[in-house]
Amino acid sequence: MAEDIAVDPDYYALNEGYGPEDFNSETTSIASAISKGRIENGRRYQAMKEDDYWSPADEQQFESLENGHILCLVLDHQQKDPLHRAPIKNPKVHILDIGTGRGSWAIDMADYYPSATVRGVDIFPPPVSWMPPNCVFEVDDILREWTWREPFDYIHLRILLGAFDDAGWSLAYDRCYKGLNPGGWIEQLEFDINLQSEDGSLKPEHHLSSWGKNMIACGERAGRPLTTQKTMKSAIEKAGFVDVHEHVYKVPLGPWAKNQLLKEAGRVNYLVWTSGLEGYAMWLLTKFGAPEPWTKEEVYVFLARVRKELSDPSIHAYQYVRRVWARKPTEEELKVKRESKTPEEEIKSEK
Ligand SMILES: C[S@@+](CC[C@H](N)C(=O)[O-])C[C@H]1O[C@@H](n2cnc3c(N)ncnc32)[C@H](O)[C@@H]1O
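As a starting point, this report considers the structure included with it. (Residues numbered from 1 in each chain as written. Predicted model: local features only at pLDDT ≥ 70, side-chain atom pairs only at ≥ 80, totals over all residues. Heavy atoms only, no water.)

### Description of the overall build of the protein chain
A count of helical and extended segments in the protein chain gives 11 helices and 9 strands. A principal-axis box enclosing the C-alpha atoms of the protein chain has dimensions of 85 × 60 × 40 Å. Expressed as a percentage of the 351 residues in the protein chain, the buried residues total 46%. Long-range pairs, those at least 24 residues apart, make up 72% of the contacts in the protein chain between residues at least 6 apart in sequence. With the model as given, the accessible surface of the protein chain reaches about 18500 Å², and the carbon-plus-sulfur share is 53%. Seen as two clouds, the 42 positive and the 56 negative side-chain charges of the protein chain have centres 8 Å apart. (Helix = DSSP H or I, 4+ residues; strand = E, 2+ residues; numbered from the N terminus. Buried < 20%, exposed > 50% of the residue type's maximum accessible area, 1.4 Å probe, protein only. Contact = heavy atoms within 4.5 Å. Areas by Shrake-Rupley, 256 points an atom, 1.4 Å probe, with all protein chains shown as cover. Lys, Arg positive; Asp, Glu negative; His and termini not counted. Charge placed at Lys NZ, Arg CZ, Asp CG, Glu CD.)

In structure tokens, the structure reads:
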């Protein structure tokens, strides 16, 4: 036996009873604390970030996210590519899904583009035991410095309302801009949480009528705007993206629409709401409800009333869903932009 690989005769005496877990104990306990999350009011929340995020990360909420994913597929099933609107020309693209949640979009995208690499990142590990070989999930806070070495060709964000404060959003779009290859695309889809009806069947006295306004006010008090669908387009433009496109959907709540596609969308949207309702409201109302934070019991009573209206067939409520996609300027466009800058602008953009 070569001298340098010989076993230290005192090693056993010094390390009695060690096991493989001793080497991993620190990282394992961090990982398990992250996946166990934090239980509050009977729901599990992420435990990675010190500052809270409104949505639970548990089976019930993942079911709502899955319903949301199906809803988006129903809304765009007549499109050439139902998973995205931004053009993806090269099948070897490098894709990032920010706030991947249950991971359904990332998995479907990886299946749809087998030569692409799809990364899904979230502060809570997605509850999946199988994923395509070209799909990778990572647990991280996207407001932290990005450590991915390769730039992306396409970045996707969906239902991230209330995830960040205004400064966080600017930072997030800035990161996306810097993290994309020239000519790469960003795409974001967000829901308007306000409901309305065209036939007056949703009346001002309905809880569903004031729902959006109340939740948006809670989001404001939390410092996490829930109005992202309204602000994302201009924020994306402000970050430097060009070629900005927008599509607005009107999505029924319940299967009341005559149009078959909207009827199906309404049916699925009803499931999105019923499975997600408690998760949308619990954190926001128990922490930022007015005139003072509500108790869990008060939230349950309120939700029972909202649920009754959700299944009332005489109410024909709908909500807007907005999709924005935009491009980082190409190398050529960036060169023109650089050359037309004044020295002061040049210094500012380098900072
Ligand atoms: C409402 S879910 C939407 C999930 C998914 N995009 C979808 O459409 O089904 C928002 C997700 O964003 C994640 N998230 C919130 N803040 C985040 C952050 N700072 N970094 C990474 N993910 C974050 C949450 O954990 C949650 O899973």
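### A few points about the sheet that holds strand β5 (residues 135-139)
Across the sheet, 7 strands lie side by side as β5-β4-β3-β6-β7-β9-β8; this open sheet has mixed pairing. Looking at which strands have only one partner, the edges of the open sheet turn out to be β5 and β8 (242-252). Taken over all neighbouring pairs, the strand axes of this sheet differ in orientation by 15° on average, direction set aside. With 6 bridges joining them, strand β6 (residues 152-158) and strand β7 (residues 180-191) adopt parallel strand pairing. Bridging from a neighbouring strand, Tyr154 pairs with Trp185 of β7. Running over the sheet, helix α4 (residues 104-112) touches β3 (94-98), β4 (117-122), β5 and β6 and is turned about 155° from β5. The strands touched by helix α8 (residues 260-288) are β8 and β9 (318-327); relative to β8, the strand with the most contacts, the crossing angle is about 85°. (Pairing = 2+ DSSP bridges. Axes fitted to C-alpha atoms, helices over the stretch in contact; angles between N-to-C directions.)

### Considerations on the packing of helix α3 (residues 59-75) against α4
Relative to each other, α3 and α4 sit at 45°, their axes nearing to 10 Å. Classified by the interaxial angle, the pair formed by α3 and α4 is oblique. Contact with α3, carried on its side by Glu66, His69 and Leu73, involves Ser104, Trp105 and Asp108 of α4 and no other residues of that element. In terms of residue class, the contact of α3 with α4 is made up of 2 nonpolar, 2 polar and 2 charged. (Parallel < 35°, antiparallel > 145°, perpendicular 65-115°, else oblique. Nonpolar A, V, L, I, M, F, W, Y, C, P; charged D, E, K, R; others polar.)

### Details of the pairing of β7
The buried fraction of β7 is high, at 9 of 12 residues. In this fold, the crossover linking β6 to β7 by way of helix α5 (residues 166-179) has right-handed handedness. (Right-handed = clockwise from strand over helix to strand, strands pointing away.)

### Structural notes on helix α9 (residues 296-310)
When the terminal C-alpha atoms of α9 are compared, their 21 Å separation across 15 residues agrees well with the 21 Å that a helix rising 1.5 Å per residue should span. For α9, the complete set of buried residues consists of Val299, Phe302, Leu303, Val306, Glu309 and Leu310. With its buried residues spanning 110° around the axis, α9 presents them on a single face. Close packing links the buried residues of α9 with α6 (207-222) and α8. (Expected span 1.5 Å × (residues − 1). Arc of directions from axis to C-beta.)

### Some words on the site of the ligand
Around the ligand, the structure places 16 residues, and the nearest of them are Gly99, Asp122, Asp141, Ile142 and Arg158. In this structure, a nitrogen atom belonging to the ligand sits 2.7 Å away from a main-chain N or O atom of Gly99. One nitrogen or oxygen atom from the main chain of Ile142 is found 3.0 Å from a nitrogen atom belonging to the ligand. Coverage of the ligand by the protein amounts to 94% of the 600 Å² it exposes when considered alone. According to the grid-proximity analysis, the pocket containing the ligand is the largest cavity. Across the shell around the ligand, the residue classes tally to 8 nonpolar, 3 polar and 5 charged. (Near = heavy atom within 4 Å. Polar contact = N/O pair within 3.5 Å; in protein donor to acceptor, adjacent residues only side chain to side chain. 1 Å grid on protein atoms, 1.4 Å probe; cavity = no way out; pocket = protein on both sides within 12 Å on 5 of 7 lines; lining within 4 Å. Sits in = over half its atoms within 2 Å of the grid points.)

### Focus: the side chain of Arg158
Residue position: Arg158 is located in strand β6. Within the local environment of Arg158, its side chain forms a polar contact with the side chain of His69, the two groups lying 3.1 Å apart. With residues up to four places along the chain from it excluded, the contact list for Arg158 reads His69, Cys72, Ile98, Trp105, Leu189 and Glu190.

### Remarks on the environment of Gly212
Position of Gly212 among the secondary structure elements: in helix α6. On the accessibility criterion, Gly212 (0% relative accessible area) is buried. For the pair formed by Gly212 and Phe164, sequence separation is 48 residues and the distance between their alpha carbons is 18 Å. If near-sequence neighbours (up to four positions away) are discounted, Gly212 is found in contact with Ile193 and Asn194.

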